[in-house]
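Residues per chain are reported as follows:
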Amino acid sequence: MLPDIVALTTSPSLSVPWWKVVYDFSSLTEWIDASLHNYMSPFWTTITEMLIIGVLILLFYAVIGLFLVYAERKVCAFMQNRLGPNRVGPFGIFQTIADLFKLLFKELIPIKNADGFLFNLAPFIVIIASFMAIAAIPFAKGLHAIDLNIGVLYVMAVSAMGVIGVLLAGWSSNNKYSLIGAMRSGAQIVSYELSVGLSIITIIILAGSMQLSVIVEAQRDGWFIFKGHIPAFIAFIVFLISSTAETNRGPFDLAEAESELTAGYHTEYSGIKFAFFFLAEYINMFIVASIAATVFLGGWMPFHVGHWVGFNYIMDFIPPFIWYIGKTFFVIFLMMWFKWTFPRLRIDQLLTLEWKYLLPINLVNVLIMAFIVLMGWHF
Amino acid sequence: MDKIQLGEFIKSLASDLEIKEGKQYLEVTVPPSMLYQLARQLREKEEAQFDFLFCLSGVDYGSDLGVVYHLRSTIYDHVVVLKTRTSDREHPQLDSVADIWLTANFHEREVFDLLGIKFKNHPDLRRLFLDNSWGFPLRKDYVDDINIVYK
Amino acid sequence: MEEKEIITTPDEEQEYVINMGPQHPSTHGVLRLLVSLKGEKVKSIQPHVGYIHSGIEKMCESITYPQIIHLTDRMDYISAHINNEAVCLNVEKALEIDIPDRIKVIRTIMSELTRLQSHQLWWACFGMDLGGLTCFFYGLRDREKILDIFEETCGGRMIVSYNCPGGLMYDIHPNFQKRVKDFIKYFRKILPEYDQLLTGNVIFHERSRGIGKLTKEDAISFGVTGPTGRASGFSCDVRKHEPYSAYDRVQFKEILHTEGDTFARYIARIDEMWESMNIIEQLIDNIPEGPFAVKMKPVIKLPEGEYYQRVETARGELGVYIISDGNKNPYRVKFRSPNFSNLSVLNHIASGFKIADLVAIGGSLDLIIPDIDR
């Protein structure tokens, strides 16, 4: 039983254009839910839905992971006057799949005197943390595994769990470099979590909600980065810096710091266990980029300019999912850009940057934003 | 100071010196007992100020083992070559100059490693390149049937 | 009841000692540093060398002088040409041969090209040590152009062996002058790009200013030469103090800085690249006509005596000390390698800083391990 889209779109009672309905995934998901209910009990419906969503997210995860690795190699090649992968498939697009097979077939080297249980557990903690965070991200209207009313808090809390895996990996490897890397990572993530949180709080004040779908909906008439005057822009910059640090990417990749600590916390990992760390890094990057896109850049909302009706009308044609992916990849590109341009910071400079600069800026920023909202000066 | 003046000056610093005007530099041969004292004077005397030890080489002269110090003054730009030798091939021992020129620390370790000359008062006299079981390869009587092809 | 013994360990046993190397990305070869740490801070560094000790000095005692040239290539393989030149100049000095101007000028141009490509490689690796991976590709891209010029004229790219006692192995390629001029024109535009990428970067300044200070007195005492020494204000450019080849007929500045920190060493090398280009530009249009090699006896025997020749390699002062007993083989050859002395200063300047600084300081000293081990 398909939903009667034609009836809906032609219905004079609904003045919304037809594409808005097609782009709204909630009718599709509601139809699936309803038809499942027809065949099974509510309990089994929930189980089946969870399974479907799980499989879909897993697929999405793998595809995004592979694509991001490819994208990073191409972007990095572009920055460095190289061609990048260009042998496997057209423009080398199958290179990462070949890499994946290589990693799958590689030997898992057992480490002497390593704490076996924790050593094997660590990559799973890292990957599960990033896996869980993806559930709460709104990809398009209605395309949402779970719409928690504290979505932002949930994503931040869950993605910060990854540091436990990093610490365990460093500690259990029985390698001095790994331990230094893990300790650095711990200090770094704990510090930068503050900045990420505070910069998001700035926007939460503006949006008045922690629910991601509400935050997106509130940006219908303008993205928060434009609506929130200068404080929102500052918050965006701070978020960009601190989220790069939180995902352990350059110029803040001190936990790995290949020229100092060989490979930091994952020095001793090989094969698929290494691939987990590798993949988790890219997915974490995707998650923070999607948070940035959702919270600052309007999520899946199209770009609208004031009263330009024609322009806004054309923008509405572009599907929300494309908007969302486009914004996310824009942020990811920014992060790749500074990874491949800047040299690495030192650990004390990294902490100085956070505690002496970003945190005070952020605190003042939150105050200013609260004042603006209180006075109703925002757009 | 030119070579001749420098030779006169060095002669006044210590006795028992053999001073020769080489093709390139002034060469001074010192008995091992006088070495450290002369070196310190060359470093510290206002007129000499040899502050840059630019080469320290150990040489096996056949009967003797010796060390050659190439010294330069960065202030006056004059050069002197100090030579010293010891005839004791079993337990050769010379004074270390590592506290006068810090670069001598590594160079003396190298000489100790390759020629087996021990340096008294050296802060950290260990072999540098080779392990302890190795002989002293730069000596002329060093025999290695595996790695050296004898014609 | 047994009294429990309180176990106290001395400070040395509580040290966190890590082995940097022999296989470590930032030691550029097989240097092994035994680093004792206190947290992130470096307490002391003990360099362990000798992993690729090849006994070049011993080998030299059993081969002839023209053969030695090919061993010197393998010492400081990044500035191979200048090492060759040192031995050739020493042999020529001992034999009292007059070298035609053409040879001198070509040698000087080649030396400066060698210095340029060495500094390019250093810049590339230094950027990588600090975490800026893009520098590596920029540096190597430009170095490749010089290596192509080398390949055309010398046949080899890195290990050129282009010098021989009495001149050069072969004449320059007809394209040589044009290609060098093209390269200089190209690189004058590219070098500011290096500055844009790294020199002006705030993070780079933070990472390099005031790190690993070396005073002039210490530089002299440790025998630290080359750009490293000159960054501390130690005027040690052999090209100025004891000009050889055609350095007495060109105008160039000796780059001197007084700060002595990592940043000064960096700037000293960047400035040297500019100076090298100046030197090449002065000479490239005025290569005199003449033979490319002097006729030498088939067997070269040096008169009995001692000979010492200093040259300025890309890393500092290289000394070749030959003792001859009149045979076709030298009695003793000693290479005073610049890297050996430069390494000895590492503990002195890097202790007290952090691991990341140790990497930066090590990078700024520009150590080439085969030159240390010889």
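Residues numbered from 1 in each chain as written. Chains lettered and ligands numbered in written order. Predicted model: local features only at pLDDT ≥ 70, side-chain atom pairs only at ≥ 80, totals over all residues. Heavy atoms only, no water.

Colleague: Lay out the interface of chain B and chain C in plain terms, naming residues and giving numbers.
Modeller: At the junction of the two partners, chain B supplies 40 residues and chain C supplies 40 residues. Of the roughly 3,400 Å² buried between chain B and chain C on both sides combined, carbon and sulfur atoms contribute 54%. The three residues of chain B that bury the most area against chain C are Phe-106, Phe-129 and Leu-138 of chain B, which together make up 18% of that side's buried surface. Counting every contact that joins chain B to chain C gives four salt bridges. Ionic pairing is found between Glu-110 of chain B and Arg-374 of chain C, a salt bridge with its closest N-O pair at 2.3 Å. Counting across the chain B and chain C interface gives 19 residue pairs in polar contact (both at pLDDT 80 or more). Every element with two or more residues in the side of chain B that touches chain C is listed here: strand S3 (52-60), strand S4 (65-72) and helix H3 (104-115) of chain B. Per element, the largest residue contribution to the side of chain B that touches chain C is eight residues, and it comes from S3 of chain B. (Contact = heavy atoms within 4.5 Å. Buried area = accessible area lost by both parts, 1.4 Å probe. Salt bridge = Lys/Arg side-chain N within 4 Å of Asp/Glu carboxyl O. Polar contact = N/O pair within 3.5 Å; in protein donor to acceptor, adjacent residues only side chain to side chain. Helix = DSSP H or I, 4+ residues; strand = E, 2+ residues; numbered from the N terminus.)

Colleague: Could you give me a rundown of the interface of chain A and chain C, with the residues and numbers involved?
Modeller: Residue-level contacts link 25 residues of chain A with 34 residues of chain C. In total, chain A and chain C occlude about 2,600 Å² of area from one another, counting both sides; carbon and sulfur atoms represent 57% of this. It is Ser-259, Pro-343 and Arg-346 of chain A that lose the most area in chain A upon contact with chain C, and together they represent 23% of the buried surface on that side. Applying the counting criterion to the chain A and chain C interface returns two salt bridges. Of the charged contacts in the structure, one is a salt bridge between Arg-184 of chain A and Glu-40 of chain C, with a shortest N-O distance of 2.6 Å. On inspection of chain A and its partner chain C, the count reaches nine residue pairs in polar contact (both at pLDDT 80 or more). Broken down by element, the residue count for the side of chain A that touches chain C peaks at five residues, all from helix H9 (residues 176-207) of chain A.

Colleague: I'd like a description of the confidence of the model for chain A, backed by residues and values.
Modeller: Residue and element names in this part refer to chain A. For chain A, the average pLDDT comes to 81, and 93% of its residues sit at 70 or higher. Put simply, helix H1 (residues 5-10) is where chain A has its lowest mean pLDDT, 45, and helix H17 (residues 347-375) is where it has its highest, 88. Note on residues 1-14: pLDDT is under 50 here. Beyond four places in sequence and across chains, it has seven contacts. (pLDDT = per-residue confidence, 0-100.)

Colleague: Just give me the short version of the confidence of the model for chain B, but keep the residues and values in it.
Modeller: Residue and element names in this part refer to chain B. In the predicted model, chain B carries a mean pLDDT of 84, and 99% of its residues have values of at least 70. By mean pLDDT, helix H1 (residues 3-13) is the weakest element of chain B at 77, and S4 is the strongest at 89. Here the predicted complex carries an ipTM of 0.88, next to a pTM of 0.86.

Colleague: For the sheet that holds strand S3 (residues 41-48) of chain C, give the residues involved together with the corresponding values.
Modeller: Whenever strands of a sheet pair, they do so through backbone hydrogen bonds, lying parallel or antiparallel. Residues and elements named next belong to chain C. Read across the sheet, three strands follow the order S1-S2-S3 without closing on themselves; strand pairing throughout is antiparallel. For this open sheet the edge positions go to strand S1 (16-20) and S3, each flanked by a neighbour on one side alone. Within this sheet the neighbouring strands show an average axis-to-axis angle of 20 degrees, counted without direction. Pairing geometry for S1 and strand S2 (residues 32-38), over five bridges, is antiparallel. Looking at S2, one finds that Val-17 is bridged to Ser-36. (Pairing = 2+ DSSP bridges. Axes fitted to C-alpha atoms, helices over the stretch in contact; angles between N-to-C directions.)

Colleague: Mind laying out the sheet that holds strand S6 (residues 305-313) of chain C, listing which residues take part and the relevant values?
Modeller: All names here are of chain C. An order of S6-S7-S8 is seen for the three strands of this open sheet, with the pairing classed as antiparallel. Pairing within the sheet leaves two strands with one partner each, and these edge strands are S6 and strand S8 (332-336). Strand-to-strand twist of the sheet, defined as the mean angle between neighbouring strand axes without regard to direction, takes the value 10 degrees. As defined by bridge partners, strand S7 (residues 316-324) adjoins S8 across five bridges and the pair is classed as antiparallel. Counterpart to Gly-319 in the pairing with S8 is Arg-336.

Colleague: Just give me the short version of the packing of helix H5 (residues 101-129) of chain C against helix H12 (residues 262-284) of chain C, but keep the residues and values in it.
Modeller: All names here are of chain C. At their nearest, the axes of H5 and H12 sit 9 Å apart, and the two run at 150 degrees to each other. Put simply, H5 runs roughly antiparallel to H12. Crossing handedness for the pair H5 and H12: left-handed. For the pair formed by H5 and H12, the contact residues are Val-105, Thr-108, Ile-109, Glu-112, Leu-113, Arg-115, Leu-116, His-119, Gln-120, Trp-122, Trp-123 and Phe-126 on the first element and Thr-262, Tyr-266, Arg-269, Ile-270, Glu-272, Met-273, Ser-276, Met-277, Ile-279, Ile-280, Leu-283 and Ile-284 on the second. Grouping the amino acids of the contact of H5 with H12 by side-chain chemistry returns 15 nonpolar, five polar and four charged. (Parallel < 35°, antiparallel > 145°, perpendicular 65-115°, else oblique. Left-handed = near helix turned anticlockwise from the far one by under 90°. Nonpolar A, V, L, I, M, F, W, Y, C, P; charged D, E, K, R; others polar.)

Colleague: With reference to specific residues and values, describe the nonpolar core.
Modeller: In this structure, Ile-10, Leu-38, Leu-42, Tyr-69, Val-80 and Leu-82 of chain B together with Leu-346 of chain C are the most contacted members of the largest nonpolar core, which totals 87 residues. Considering each element in turn, this core owes the most residues, six residues, to S3 of chain B. Once residues within four sequence positions are removed from consideration, Leu-82 of chain B is found in contact with Val-28, Val-30, Leu-35, Leu-38, Leu-42, Val-67, Val-68, Tyr-69 and Leu-71 of chain B. (Core = buried A, V, L, I, M, F, W, Y, C linked by side-chain atoms within 4.5 Å. Buried < 20%, exposed > 50% of the residue type's maximum accessible area, 1.4 Å probe, protein only.)

Colleague: Before we move on, could you go through unusual backbone geometry and cite the residues and values that matter?
Modeller: With a phi close to 65 degrees, Asn-121 of chain B is a non-glycine residue in the positive phi region. The topology assignment puts Asn-121 of chain B in the segment after strand S7 (118-120). The phi dihedral of Ser-245 of chain C falls on the positive side, at around 45 degrees, and the residue is not glycine. By secondary structure assignment, the location of Ser-245 of chain C is in the loop between helix H11 (238-241) and H12. The exposure class of Ser-245 of chain C is buried, given its relative accessible area of 9%.

Colleague: Describe helix H6 (residues 133-154) of chain C, naming the residues involved and giving the relevant values.
Modeller: It helps to recall that an α-helix has 3.6 residues per turn; residues three or four apart then point in one direction. Residues and elements named next belong to chain C. Here H6 is 22 residues long and its end C-alpha atoms lie 31 Å apart, about the 32 Å a rise of 1.5 Å per residue gives. Buried within H6 are the following residues: Thr-134, Cys-135, Tyr-138, Gly-139, Asp-142, Arg-143, Ile-146, Leu-147, Ile-149, Phe-150, Thr-153 and Cys-154. Just past H6, the residue Gly-155 takes up positive phi, approximately 90 degrees. (Expected span 1.5 Å × (residues − 1).)

Colleague: Help me get a handle on the arrangement of the chains, residues and values and all.
Modeller: In this assembly, two pairs of chains are in contact, and the pair contributing the most contacts is chains B and C. Over all C-alpha pairs, chain A and chain B never come within contact, reaching a minimum spacing of 25 Å.

Colleague: Before we move on, can you summarise the side chain of Arg-315 of chain C with the specific residues and values?
Modeller: Residue and element names in this part refer to chain C. Residue placement: Arg-315 occurs in the loop between S6 and S7. Accessibility expressed as a relative area gives 1% for Arg-315, which makes it buried. Residues within four places of Arg-315 in sequence aside, it is in contact with Asp-76, Ile-78, Ser-79, Ser-118, Thr-225, Gly-226, Pro-227, Pro-338, Asn-339, Asn-342, Asp-366 and Ile-368.

Colleague: Account for the pattern of salt bridges, naming residues and giving values.
Modeller: Counted according to the given criterion, the structure contains 50 salt bridges over all chains. A salt bridge links Arg-89 of chain B to Asp-60 of chain B, with the nearest nitrogen and oxygen atoms 2.8 Å apart. Of the two residues, Arg-89 of chain B sits in the loop between strand S5 (79-86) and strand S6 (93-95) while Asp-60 of chain B sits in strand S3, which places them 29 residues apart along the sequence. A salt bridge links Lys-334 of chain C to Glu-110 of chain B; the nearest nitrogen and oxygen atoms lie 3.2 Å apart. Taken together, the positions of Lys-334 of chain C in strand S8 and Glu-110 of chain B in helix H3 put the pair across two chains.

Colleague: Mind laying out the environment of Ile-159 of chain C, listing which residues take part and the relevant values?
Modeller: All names here are of chain C. With respect to the helices, strands and loops of the structure, Ile-159 is situated in the loop between H6 and strand S4 (163-164). You can call Ile-159 partly exposed: its relative accessible area is 28%. Expressed as a C-alpha distance, the spacing of Ile-159 and Phe-137, which sit 22 residues apart in the sequence, is 21 Å. Apart from residues no more than four positions distant in its own chain, Ile-159 is found in contact with Asp-73, Arg-74, Tyr-77 and Ala-80.

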